Amino acid sequence: MVIDLTVDSDSEERNENHVPSSAPPLQNNTPKSPSTLTRRPASSVPLKRKSEDAEELLASFLPRRPQSQPRSFSQPQPANRANQHAISIEIEDDDDDEDVKPVQIHRRVTAARSSSVNPNAISSASKENRPLQIKSNATSTRSSSPFNLTTTNHDHRRSQDRDEDRKQRSLLSTSRSISFQTPSPGPISLSVVIPSPSRRQQQELDSAEVISVPSPIGLSENFYPTDAYEKRALKGAYPVARKVNRAAIPFTIGAPGPLLTSKPDISAQLHQTLQQKLAKIRGPKVTFASGDQHQLAQFAANFEFVNAYKLRQGVTPVPEEFLAGCSCDGFCDPARCLCLSKEEETNDPMVPYKRADDDGRLLVLTPEFLKRKAMIYECSSRCGCDERCWNRVVQNGRTVRLEIFQTGNRGFGLRSPDRIRAGQFIDCYLGEVITKEVADIREDVATSQNRHSYLFSLDFLATGEDSKYVVDGHKFGGPTRFMNHSCNPNCRMITVTRNHADDYLYDLAFFAFKDVPPMTELTFDYNPGWEKVKKVDPNAVPCLCGESNCRGQLWPNQRKAKRG
Ligand SMILES: C[S@@+](CC[C@H](N)C(=O)[O-])C[C@H]1O[C@@H](n2cnc3c(N)ncnc32)[C@H](O)[C@@H]1O
């Protein structure tokens, strides 16, 4: 579609057909200048003003004008020429400014789809449905506009334009000499031609069927669908229940079942529950010494035994492929095994285990190692040695039986019915492995509830103050979670690992410090190396170990300390 929009100020007679009868006659009034232009000198108004005005008008033609700028739009009668519709729009600015000398600028913008004016445009428009194209004799073009303004190659028009420019300049110069104000465009009439449908479109329109649609009524299901059909179908699928005379149905009482003749044995039930839980522990038997039923019941309801760490959210072990091993064959050679711990100062390899003096099958820590603070690196599945290798003790598990008993003043405690040799491995501390952040929260809860703490920091190789992970044996754990503190302990915790690459996840293994007679409570120092202080912190947990060298308090804070 092509719309020929011609901006013409003075060739009135050519556009007479498009001027609506209602359009106001040409007046000699000076239109009021737009506020943006009143402060500009007339000389600053560009000569291309005319074309800009056309663009402005076109732009303003599309959206609605605000009420504050009243403009009159009038639609002209269709032109006499066949296949042509013209809309003439007259735009007029109000002017009440008496100070400005009346200067009349009258513009008529005619958009006509006229074969005489632009035959090419018409022919192309009728063939294709192109976007609206407006032709103007204005000098500027705006390609980004949906309207495409192009210059008409018409000499006569150009001369008319030049005349108009001259006339405008003279008018502007007159205005400048008087008030130095730029006049606004006067009443402008705009004619827009709306093209008729193309031949193909017309054919489609002619052949289109007229479908009669019934006028909607408020309750018609065609327009407001309901579930009435669905309801009717459901009614058929589920017939209405028959009425029953309940009084007529006989009620027969059967033979009575076995009645409880005695009180249930709570103690036996509790014992059974505990046995079930203890049976889950791997290795030699772990038992509960009979004691306070209420405490046992509490424990049975709130605790589960585990045989390995339970890694919680945020805890990631170093993958297996990072495991390094020695190249020993069969039994490791203490002189060249790469897994052996290194002496911190000398870097000499340390052999941690030796055969027990009275039992060749039993491996115990060497007396030298018991005094050290080094970590034990045991051989692993990546090593060349086999499972009989002497450097595999902790990974082979517990060898002594254990008993959980009530201490009387420190809650439960742990002991063994077996004799334990100095340096003998007892068991590992187990539980949930949690992040330090989670541990802090749990510690606050334990402290506020004034209950036992089961948090054990994995901070042996930590460079900073704090650990990355913490083991919590409160809800899940092994028998060693019952080991109490003593200022004169008989056991020691030593860190043991098989993965040289992981500094944060390793075993917390308990070894007997000295020979421990059967049924002696197994204890360790919660804060090894912590010196006795003269003044005991009144907020600290008081130590009840009863030893002559008792420090009087368990720890400066609830959690067990760094290196053992
Ligand atoms: C790992 S738990 C030991 C088992 C605990 N007794 C139980 O019944 O579950 C640590 C807690 O036991 C108590 N505890 C351990 N050793 C203690 C001691 N020497 N004196 C006082 N309380 C002790 C403290 O309440 C501590 O928070």
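One structure accompanies this document, and this report is about it. Values in this document were obtained by computation on a predicted structure and should not be read as measured data.

Concerning the nonpolar core
- Counting residues in hydrophobic clusters, the biggest one holds 47 residues, and the most contacted among them are Ile-404, Ile-426 and Leu-522.
- At the level of secondary structure, the elements contributing two or more residues to this core comprise helix 7 (266-278), strand 6 (286-288), helix 8 (293-302), strand 14 (402-406), strand 15 (412-415), strand 19 (469-472), strand 22 (491-497) and strand 23 (507-512).
- There are two domains that each give this core at least three residues, and those are domain 1 (267-529) and domain 2 (531-563).
- Sequence-distant contacts of Ile-426, that is, excluding residues within four places in its chain, are made with Arg-398, Val-400, Leu-402, Ile-420, Cys-491, Phe-510, Phe-511, Ala-512 and Leu-522.
- Counting 29 residues, the second largest nonpolar core, distinct from the first, contains Leu-365, Phe-369, Cys-383 and Cys-428.

A short note on the sheet that holds strand 16 (residues 425-428)
- The four strands are arranged 13-22-23-16 in an open sheet whose pairing can be described as mixed. Each edge of the sheet is formed by a strand with only one pairing partner; in this case those strands are strand 13 (376-377) and strand 16.

A short note on the side chain of Glu-432
- Looking at where Glu-432 falls in the secondary structure, it is placed in strand 17 (residues 432-435).
- The class for Glu-432 is buried, based on a relative accessible area of 6%.

A short note on the environment of Asp-357
- Inspection of the secondary structure assignment puts Asp-357 in the loop between strand 11 (353-355) and strand 12 (363-365).
- The class for Asp-357 is exposed, based on a relative accessible area of 76%.
- In sequence terms Asp-357 and Arg-421 are 64 residues apart; their C-alpha atoms lie 9.7 Å from each other.
- A polar contact of 3.3 Å, which involves the side chain of Asp-357, links it to the side chain of Lys-354.

Some thoughts on the sheet that holds strand 17
- Here we have four strands laid out as an open sheet, ordered 8-17-19-18, and mixed in their pairing. Each edge of the open sheet is held by one strand with a lone partner, namely strand 8 (310-311) and strand 18 (455-457).
- As defined by bridge partners, strand 17 adjoins strand 19 across four bridges and the pair is classed as antiparallel. Its bridge partner lying in strand 19, Glu-432 is registered against Asp-472.

Examining the pairing of strand 23
- Summarising burial for strand 23: six of the six residues are buried, a large majority.
- In strand 23, alternate side chains face the same way, and those of Asp-507, Ala-509 and Phe-511 on one face and Leu-508, Phe-510 and Ala-512 on the other are all buried.
- As paired strands, strand 16 and strand 23 are joined by three bridges and run antiparallel to one another. Paired with Asp-427 across the bridge in strand 23 is Phe-510.
- Bridging between strand 22 and strand 23 involves six bridges; their strand directions are antiparallel. Looking at the pairing, Met-493 lines up with Phe-510 of strand 23.

Details of the packing of helix 7 against helix 8
- Contact geometry of helix 7 with helix 8 gives a least axis separation of 10 Å together with a crossing angle of 45°. One element, helix 7, and the other, helix 8, form an angle in the oblique class. Pair helix 7 / helix 8 crosses with left-handed handedness. Every residue of helix 8 that contacts helix 7 at Ser-267, Leu-270, Thr-273, Leu-274 and Lys-277 is listed here: Gln-293, Leu-296, Ala-297, Phe-299 and Ala-300.
- For the contact of helix 7 with helix 8, the class distribution of residues is six nonpolar, three polar and one charged.

Here we look at the packing of aromatic side chains
- All told, the structure shown has 18 aromatic pairs when counted by the stated rule.
- Site record: aromatic cluster; members linked through ring pairs are Phe-288, Phe-299, Phe-303, Phe-305, Phe-412 and Phe-482.
- In this structure, Lys-468 is placed above the aromatic ring of Tyr-504, and the distance from its NZ or CZ to the ring centre is 4.5 Å.
- One cation-aromatic arrangement involves Arg-481 over Phe-482; the distance from NZ or CZ to the ring centre is 4.7 Å.

Quick look at unusual backbone geometry
- Of note, the phi angle at Asn-450 is positive, near 55°, even though the residue is not glycine.
- Its location among the elements puts Asn-450 in the loop between helix 10 (436-448) and strand 18.
- In this structure, Met-519 is a non-glycine residue whose phi angle is positive, near 65°.
- Position of Met-519 relative to the elements: it lies in the loop between strand 23 and strand 24 (523-524).

Quick notes on the rules
- Residues numbered from 1 in each chain as written.
- Predicted model: local features only at pLDDT ≥ 70, side-chain atom pairs only at ≥ 80, totals over all residues.
- Heavy atoms only, no water.
- Core = buried A, V, L, I, M, F, W, Y, C linked by side-chain atoms within 4.5 Å.
- Buried < 20%, exposed > 50% of the residue type's maximum accessible area, 1.4 Å probe, protein only.
- Helix = DSSP H or I, 4+ residues; strand = E, 2+ residues; numbered from the N terminus.
- Domains from an automatic or database assignment.
- Contact = heavy atoms within 4.5 Å.
- Pairing = 2+ DSSP bridges.
- Polar contact = N/O pair within 3.5 Å; in protein donor to acceptor, adjacent residues only side chain to side chain.
- Axes fitted to C-alpha atoms, helices over the stretch in contact; angles between N-to-C directions.
- Parallel < 35°, antiparallel > 145°, perpendicular 65-115°, else oblique.
- Left-handed = near helix turned anticlockwise from the far one by under 90°.
- Nonpolar A, V, L, I, M, F, W, Y, C, P; charged D, E, K, R; others polar.
- Phe/Tyr/Trp six-rings, centres within 6.5 Å; stacked < 30°, edge-to-face > 60°.
- Lys NZ or Arg CZ within 6 Å of the ring centre and 35° of its normal.

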